[in-house]
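# Architecture at a glance
Given next are the chains, with one letter for each unit.
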Protein chains: 2
Amino acid sequence: MKHFLLILALFVLSTANLAIAQTSKAIEDFKPSEVNQPGKAFPQVNSEGRVRAQISAPEAKLVQLDIGGVKYDMVKDDKGIWTGESAPQDEGFHYYQLNIDGASVPDPGTKYFYGAGRWGSGIEIPASDRERYALKDVSHGLVSELNYYSKLTQAWRRCFVYTPPGYEANLNVRYPVLYLQHGSFEDETGWPTQGKANLILDNLIATGKAVPMIIVMDNGYAYKPKENSAANARPVSVFEEVMITEIIPMIDSRFRTMPDRKHRAIAGLSMGANQTMRIIMNNLDKFSNYGGFSGTSNYPSASEIDPATFLDGRFSDGKKVNGQIDVFWLGLGTKEPEPFPGSIGAFRKMLDKQGINHRYYESPGTAHEWQTWRRSLYEYTQLLFK
Amino acid sequence: MKHFLLILALFVLSTANLAIAQTSKAIEDFKPSEVNQPGKAFPQVNSEGRVRAQISAPEAKLVQLDIGGVKYDMVKDDKGIWTGESAPQDEGFHYYQLNIDGASVPDPGTKYFYGAGRWGSGIEIPASDRERYALKDVSHGLVSELNYYSKLTQAWRRCFVYTPPGYEANLNVRYPVLYLQHGSFEDETGWPTQGKANLILDNLIATGKAVPMIIVMDNGYAYKPKENSAANARPVSVFEEVMITEIIPMIDSRFRTMPDRKHRAIAGLSMGANQTMRIIMNNLDKFSNYGGFSGTSNYPSASEIDPATFLDGRFSDGKKVNGQIDVFWLGLGTKEPEPFPGSIGAFRKMLDKQGINHRYYESPGTAHEWQTWRRSLYEYTQLLFK
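Moving on, we get to the packing of helix 3 (residues 239–254) of chain A against helix 4 (residues 271–282) of chain A. All names here are of chain A. Orientation of helix 3 relative to helix 4, taken along the N-to-C sense of each, is 50°, at an axis distance of 10 Å. Overall, the two elements helix 3 and helix 4 adopt an arrangement that is oblique. Crossing angle aside, the handedness with which helix 3 passes helix 4 is right-handed. Counting all contacts with helix 3, which are made through Phe239, Glu240, Met243 and Ile244, the residues of helix 4 involved are Gln275, Arg278, Ile279 and Asn282. Looking at the contact of helix 3 with helix 4 residue by residue, the class counts come to four nonpolar, two polar and two charged.

Attention now moves to the side chain of His182(A). All names here are of chain A. Structurally, His182 can be placed in the loop between strand 14 (177–181) and helix 2 (197–206). Within the structure, His182 has its side chain in polar contact with the backbone nitrogen of Gly220 (distance 2.8 Å). With residues up to four places along the chain from it excluded, the contact list for His182 reads Asp187, Glu188, Trp191, Asp218, Asn219, Gly220, Tyr221, Leu269, Met271 and Gly272.

Once that is clear, we can look at the interface of chain B and chain A. The interface is formed by 42 residues belonging to chain B together with 42 residues belonging to chain A. Note on chain B versus chain A: buried area summed over both sides is about 3,600 Å², and carbon and sulfur give 58% of it. In terms of surface lost to chain A, no three residues of chain B exceed Trp119(B), Trp156(B) and Arg254(B), which account for 16% of the buried area on that side. The tally of links from chain B across to chain A stands at two salt bridges. Elements represented by at least two residues in the side of chain B that touches chain A include exactly strand 3 (51–56), strand 9 (103–105), strand 10 (112–115), strand 11 (118–125), strand 12 (142–150) and helix 2 (197–206) of chain B. The element that contributes the greatest number of residues to the side of chain B that touches chain A is strand 12 of chain B, accounting for six residues. Here the residues of the side of chain B that touches chain A are counted per class, giving 21 nonpolar, nine polar and twelve charged. In terms of strand pairing, strand 12 (residues 142–150) of chain A meets strand 12 of chain B through three bridges, oriented antiparallel.

Bringing the pairing of strand 7 (residues 81–85) of chain A into the picture now. Looking along a regular strand, one sees side chains alternate from face to face of the sheet. Residues and elements named next belong to chain A. Note: strand 3 (residues 51–56) against strand 7, five bridges, orientation antiparallel. What sits directly across from Ser56, in strand 7, is Ile81. Between strand 6 (residues 75–76) and strand 7, which pair antiparallel one after the other, the connecting turn spans four residues, and Gly80 there sits at a positive phi close to 85°.

This next bit is on helix 6 (residues 340–354) of chain B. Residues and elements named next belong to chain B. Here helix 6 is 15 residues long and its end C-alpha atoms lie 21 Å apart, about the 21 Å a rise of 1.5 Å per residue gives. Those residues of helix 6 that sit buried are Phe340, Gly342, Ser343, Ile344, Ala346, Phe347, Met350, Leu351 and Gln354. Buried residues along helix 6 sit in contact with helix 4 (271–282), helix 5 (318–324), strand 18 (327–333) and strand 19 (359–363). After helix 6 finishes, the residue Gly355 shows a positive phi value of roughly 70°.

On to the relation of the copies chain B and chain A. The relation between the two chain copies is a rotation about an axis coupled with a shift along that axis. For the pair chain B and chain A, the best superposition has an RMSD of 0.0 Å and corresponds to a rotation of 180° with a translation of 0.0 Å parallel to the axis. On this basis, the relationship between the two copies can be described by a two-fold rotation axis. Among all residues of chain B, the one whose C-alpha sits closest to the rotation axis is Ser144(B), at a distance of 2.0 Å. In this assembly the copies share their binding face: 100% of the residues contributing to the interface of chain B also contribute to that of chain A.

Pairing is antiparallel in the open sheet, where five strands are placed in the order 1-2-3-7-6 (chain B). Each of the sheet's edge strands pairs with one partner strand only, and the pair in question is strand 1 (31–32) and strand 6 (75–76) of chain B.

Our next topic: a positive patch on the surface. A grouping of Lys61(A), Lys76(A), Lys61(B) and Lys76(B) is seen on the molecular surface, where their side chains present a positively charged patch. Note that Lys61(A) resides in the loop between strand 3 and strand 4 (63–67). Exposure remark for Lys61(A): the relative accessible area of 49% places this residue in the partly exposed category.

What counts, and at which threshold
Residues numbered from 1 in each chain as written. Chains lettered and ligands numbered in written order. Predicted model: local features only at pLDDT ≥ 70, side-chain atom pairs only at ≥ 80, totals over all residues. Heavy atoms only, no water. Axes fitted to C-alpha atoms, helices over the stretch in contact; angles between N-to-C directions. Helix = DSSP H or I, 4+ residues; strand = E, 2+ residues; numbered from the N terminus. Parallel < 35°, antiparallel > 145°, perpendicular 65-115°, else oblique. Left-handed = near helix turned anticlockwise from the far one by under 90°. Contact = heavy atoms within 4.5 Å. Nonpolar A, V, L, I, M, F, W, Y, C, P; charged D, E, K, R; others polar. Polar contact = N/O pair within 3.5 Å; in protein donor to acceptor, adjacent residues only side chain to side chain. Buried area = accessible area lost by both parts, 1.4 Å probe. Salt bridge = Lys/Arg side-chain N within 4 Å of Asp/Glu carboxyl O. Pairing = 2+ DSSP bridges. Expected span 1.5 Å × (residues − 1). Buried < 20%, exposed > 50% of the residue type's maximum accessible area, 1.4 Å probe, protein only. Least-squares fit on C-alpha atoms with pLDDT ≥ 70 in both. Patch = residues over 30% accessible without salt bridge, like charges linked within 9 Å, V, L, I, M, F, W, Y side chains within 5 Å. Areas by Shrake-Rupley, 256 points an atom, 1.4 Å probe, with all protein chains shown as cover. Lys, Arg positive; Asp, Glu negative; His and termini not counted. Charge placed at Lys NZ, Arg CZ, Asp CG, Glu CD.

By themselves these figures say nothing about function.
Encoded structure:
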């Protein structure tokens, strides 16, 4: 929650001056958002990246478009239809909502996405690199939904599994696996939906830029059952244990994987980057590739890292780490607010000091949002299993 | 004592009046709906099947719960939180929405479902037979999302494919296939989501009541590209052609099917029942099993059917039909409104007159809604491929 509020506060601060600029005249080339519900004309997006929303609310006193931490007042016409638009937004995907007389609700014009701790509206500002995740006339893999019971959490859990084109036909072929995690207040639907992980891989595989791989997208929230904890105790995350003792064995038994560390990668965004870094460093017998998208395990600190103590000294022997990890990859958007640049910067300094090989990527013009992570996945997966 | 009884009587009378004014007093055993978003306490459902919704809308003048064709006024407390409840609803799944000062919006408390032509709120009234589609500790099949390009419609389409438990392990086994269609203003997400087709089959297969089968759930809306039609022409449905020349060949090439008519079934609900009856009767070389859930191709007419002319005389030779179709199945909810009982009744009369074997099922206490169709699928699939 603290993490969420901090991000929220940073969004508000970083976009506060945009609110002032809102009055400037919009270019009239608005088109329906590509993630609208079928047949819905609104919301729309123009070439500047402004979002124009519209809703019928004849009796309402105040309707606002709430996007990027700013609430934009909408205007009512004589038929009771409210219309309003935002300042230009960064390219890519954003969560947003409408406010109707104080009620924060999804816009009935859009499809819904899980993020920011709720199922709610999303919008796509067409990005310069949207071809990378466009639905093209190439062979498409499958995204499969898999329900499973977790003994550790004593609850049903779900993951989505991407199997690459050819998986069903080439019955003698086994594939490497990437375990790919979402961020805080998101869930296992993030990567296969707004993350477009399947389409990014379909396109990379079609052009030979990435090797065919399986991608497992699970839920990073996993807690011990409440009955085992004191009444008001903070829930204890057992995600690492779930990953190692439940998810990986299930995937290796159900799918045609190459079940060894050389053919296993793990990556995550934000909270997922933090989690997966801990998981790989504690389980180097299981993984040999790491991707941290907009996150590291020293989050949110920007202080110098002492490799002797950080993560129980897992980075203390740089040479050993280089021998164990084939790809160590970090990414960040150029518009990300603190504490991300600070904490990732401090982490990279530690890596450099320890002589640990790593790749670093910056997504131009994007913040702590999905366009940064789509690009990170696009870059990272091209390096894997080669 | 007399005085006390008088007061009691007046109290009872006054509460009775209130009951008439709105709805009778609800039993206070409300619990959060099972399809709420994670962590959301509202909406709730009680043992009578009443729905209680709640939303913060401090500045609103009128907030209503809109369910089952009735709008129930909600009441605001001093914190600006509106609460209200419906009359008892039928058991099973229902679509609904909230109205805030004239704006019809999804309830931010629920997950969202596609139906009634929009993504919006849904609620589950726990049904007497809910064990049939409960997530249980049995082997679970996969539900896979498959994107494909349709040359006929010149558009990307999507289907969901259920593969039964064991499909990934038993690489030499081939499976029969059920093609299963949604109703009007619904889409390919209906059956794998609110329809719970995968869970119904997982449970039936686990107890040996149904044979392992593949289920293909596609979108029943398929039109010729607009450029081929006159400007204001009604769109021409090519769904049958898409099914026969695009979907079936794709499924047979991508999945391990038994690709012959004896091992193919087709079924649908409402509009889907109408469509799939036409498809099987026009393509008896492709299918040998039909299921019509709350629909027939004479919809909406309740007039006597002339088998010589109806569907180009496909039912004119009853003996021939009996030889061609292994399972001909019809279902209806006992609370369905006209024209469903009338048109399905007229259709059954024609079948009887022609001596055509068929099974008929009535779902007790359910209307033209998903509980009728879950039960229909449960009954129908037990008869298939045996």
